[in-house]
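The chain contents come next:
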Amino acid sequence: MTTSHGSWEHHDTPHKTRRGFPRRHPGRPTGEAAAGFAEYLASPEGPQFLNPDALRSPGPDVPIRAVTADGRHGPVAIRIYGEPAGADSPALVWLHGGGFVSGSVDSPESDYLARVLANQGTPVLSVDYRLARDGVSFPIPHDDALACWFWARKNAESLGLDPDLLCLGGAGAGGNLAVGAALYLIDAGKPLPAKLLLAYPFLHAELPPPAGDWISGSWPGCPGTCGSP
């Protein structure tokens, strides 16, 4: 399967496709699709779901299948959890954590939470992006993340999903990849995902350029060139 550029909407911009995402199980209260994930992170007991020592089971038993997306650096594996509960079902494209050099779609913060969300009616597309080791470096993981997002957009309808209700998120390094993908699409003038869901992402604010004295190595009290970057 090949990737293609789909349409997004900015998560901060009101739009007719930015609807409330209802849960699809009888007896459950209606709320946003993101709440199914965010509630686990925001609740007092939420951190246990990200702590592998606290997990006593592999999580709910849900339908799982594997697909691949064609990327710039070769095929990228995607694990799809669950089935859509309706025509307007949201879904989450998820990027696991691991500091860019470890982690996988089997990590608890990825596999366990994907099973929980899928069991509540929100399918999860978990991306097995390439790790930064054995010669892999920037921008390969970022390109993998984008390839899988574009694949999800292109194939959403065939999966029974509304492409305008696709969310994007990640934990740790995966959060960095998710934000990087969103920034790329902003710069490219493309629409964005319905929501960004980030768990302890690797992020930092833009820093101003260093002062001239620091660059020249003449920082007060610092002899020689110890101030050089």
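Scroll up to find the structure this text is about.
Worth saying up front: this structure is predicted, and the values here are computed from it rather than measured.

## What about the pairing of strand 5 (residues 166-171)?
Then, in step 1: The element strand 5 is extensively covered by neighbouring structure, given that six of its six residues are classed as buried.
Then, in step 2: Of the two faces of strand 5, both are covered, the one formed by L166, L168 and G170 as well as the one formed by C167, G169 and A171.
Then, in step 3: In this sheet, strand 5 lies alongside strand 3 (residues 91-95) in parallel orientation, the contact comprising five bridges. Along strand 5, the bridge assignment pairs W94 with G169.
Then, in step 4: Note: strand 5 against strand 6 (residues 196-199), four bridges, orientation parallel. Note on strand 6: the bridge partner recorded for L168 is L196.
Then, in step 5: A crossover connection joins strand 5 to the parallel strand 6 through helix 4 (residues 173-187); in handedness this β-α-β unit is right-handed.

## Overview of the sheet that holds strand 1 (residues 64-71)
Then, in step 1: Spatially, six strands are ordered 1-2-4-3-5-6 in an open sheet, and the strand pairing comes out mixed. Two strands in the sheet have a free side with no partner beyond their single neighbour: strand 1 and strand 6. The average angle at which neighbouring strand axes cross in this sheet is 25°, direction not considered.
Then, in step 2: Where helix 2 (residues 108-119) meets the sheet, its contacts fall on strand 1, strand 2 (74-81), strand 3, strand 4 (124-128) and strand 5, and the angle it forms with strand 2 comes to roughly 45°.

## Some words on the environment of P63
Then, in step 1: Position of P63 relative to the elements: it lies in the loop between helix 1 (33-42) and strand 1.
Then, in step 2: Residue classification places P63 among the partly exposed residues on the basis of a relative accessible area of 46%.
Then, in step 3: Sequence separation of P63 and P123 is 60 residues, and the distance between their C-alpha atoms is 9.7 Å.
Then, in step 4: When near neighbours in sequence (up to four residues on either side) are disregarded, P63 contacts I80, Y81, G82 and E83.

## Here we look at unusual backbone geometry
Then, in step 1: With an omega dihedral of 5°, the bond running from F138 to P139 counts as a cis peptide bond.
Then, in step 2: Tracing the backbone shows P139 in the loop between strand 4 and helix 3 (140-155).
Then, in step 3: Its identity as a non-glycine residue notwithstanding, F100 has a phi of 75°, on the positive side.
Then, in step 4: In this fold, F100 is placed in the loop between strand 3 and helix 2.
Then, in step 5: Within the chain, D134 stands out as a residue other than glycine whose phi angle is a positive 55°.
Then, in step 6: Within the fold, D134 resides in the loop between strand 4 and helix 3.

Cut-offs used in this document
- Residues numbered from 1 in each chain as written.
- Predicted model: local features only at pLDDT ≥ 70, side-chain atom pairs only at ≥ 80, totals over all residues.
- Heavy atoms only, no water.
- Buried < 20%, exposed > 50% of the residue type's maximum accessible area, 1.4 Å probe, protein only.
- Helix = DSSP H or I, 4+ residues; strand = E, 2+ residues; numbered from the N terminus.
- Pairing = 2+ DSSP bridges.
- Right-handed = clockwise from strand over helix to strand, strands pointing away.
- Axes fitted to C-alpha atoms, helices over the stretch in contact; angles between N-to-C directions.
- Contact = heavy atoms within 4.5 Å.

Function cannot be inferred from these measures alone, as they are strictly geometric.
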